[in-house]
Amino acid sequence: MRGIRGATTAERNQAGAIVEATGELLAELIRLNRIDAEEVAFAYFTTTPDLDAEFPALAARELGWVDVPLLCGRELAVKPPNPRGVPRCIRVLVLYNTEKRQKEMRHSYLRGAGAIKRDLEQHRSQLEGVFG
C-alpha cells in the first residue's frame, strides 16, 4: 500500500467550488498514477477552517468512488506567512494498493496549493544534502 498526496484551493466557500476543485485534483491524481478505484483502500480529505460549505469527499463519490471508504476532517488553522498555511485549501491522502515503490507515486498540488509543493521540494533538497 502506498500514499498519494494532493492539495488544491477552492475559489470560494461554496459547495460547487469545493467539489469542482476537489474533482479536478482527484482527476489529476488518477491520471498521474493510473489509479483504479478498486485498488483505493481509503481516502482522507481535509479542508482549512474557511471551507465548510460541502464535504470534499462528494467529488470522489461523483467520480464513482462509491465503495471506497472516505473521510473528511479539518486542517490546522496555520496562517501565512507559513508557506504551508494556504487559505481555502483542500488536501487529500489516498491509500492505494500497488506494487509500485513509494518514490514512484506522483503527487499533485494545484491552484494556490503550489506553495505547499515548493515548500516540500525545498525540504527534500535540504535532506538530500544531509542524507543523500
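Residues numbered from 1 in each chain as written. Predicted model: local features only at pLDDT ≥ 70, side-chain atom pairs only at ≥ 80, totals over all residues. Heavy atoms only, no water.

So, about the overall build of the chain. Each helix and strand counted, the chain has three helices and five strands in total. Secondary structure elements of the chain occur, N-terminal to C-terminal, as β-α-β-α-β-β-β-α. Radius of gyration (C-alpha) of the chain: 15 Å, near the 14 Å computed for a compact globule of 132 residues. Taken along its principal axes, the extent of the C-alpha atoms in the chain is 45 × 40 × 20 Å. In the chain, 84% of the contacts between residues at least 6 apart in sequence involve partners at least 24 apart. Split by element, the accessible area of the chain, about 7700 Å² in all, is 52% carbon and sulfur. Taking the 19 positively charged and 18 negatively charged side chains of the chain as two groups, their mean positions are separated by 7 Å. (Helix = DSSP H or I, 4+ residues; strand = E, 2+ residues; numbered from the N terminus. Rg over C-alpha atoms; globule rule 2.2 N^0.38 Å. Contact = heavy atoms within 4.5 Å. Areas by Shrake-Rupley, 256 points an atom, 1.4 Å probe, with all protein chains shown as cover. Lys, Arg positive; Asp, Glu negative; His and termini not counted. Charge placed at Lys NZ, Arg CZ, Asp CG, Glu CD.)

Attention now moves to a nonpolar patch on the surface. Together, Y44, L71 and L93 line one region of the surface with nonpolar side chains, adding up to about 240 Å² of accessible area. One can find L71 in strand β3 (residues 70–74). Judged by its relative accessible area of 44%, L71 is partly exposed. (Patch = residues over 30% accessible without salt bridge, like charges linked within 9 Å, V, L, I, M, F, W, Y side chains within 5 Å. Salt bridge = Lys/Arg side-chain N within 4 Å of Asp/Glu carboxyl O. Buried < 20%, exposed > 50% of the residue type's maximum accessible area, 1.4 Å probe, protein only.)

Between the first and last C-alpha of helix α1 (residues 15–33) there are 27 Å, a value that for 19 residues agrees with the 27 Å anticipated at 1.5 Å per step. Tucked into the core, α1 has its buried residues touching β1 (2–9), β2 (40–47), α2 (57–62), β4 (89–96) and β5 (108–109). Just downstream of α1, R34 is the residue with a positive phi angle, here 50°. (Expected span 1.5 Å × (residues − 1).)

On the secondary structure map, E104 appears in the loop between β4 and β5. Once the C-alpha coordinates of E104 and Q126 are considered, the two residues, 22 residues apart in sequence, prove to be 20 Å apart. A polar contact of 2.8 Å, which involves the side chain of E104, links it to the backbone nitrogen of R101. (Polar contact = N/O pair within 3.5 Å; in protein donor to acceptor, adjacent residues only side chain to side chain.)

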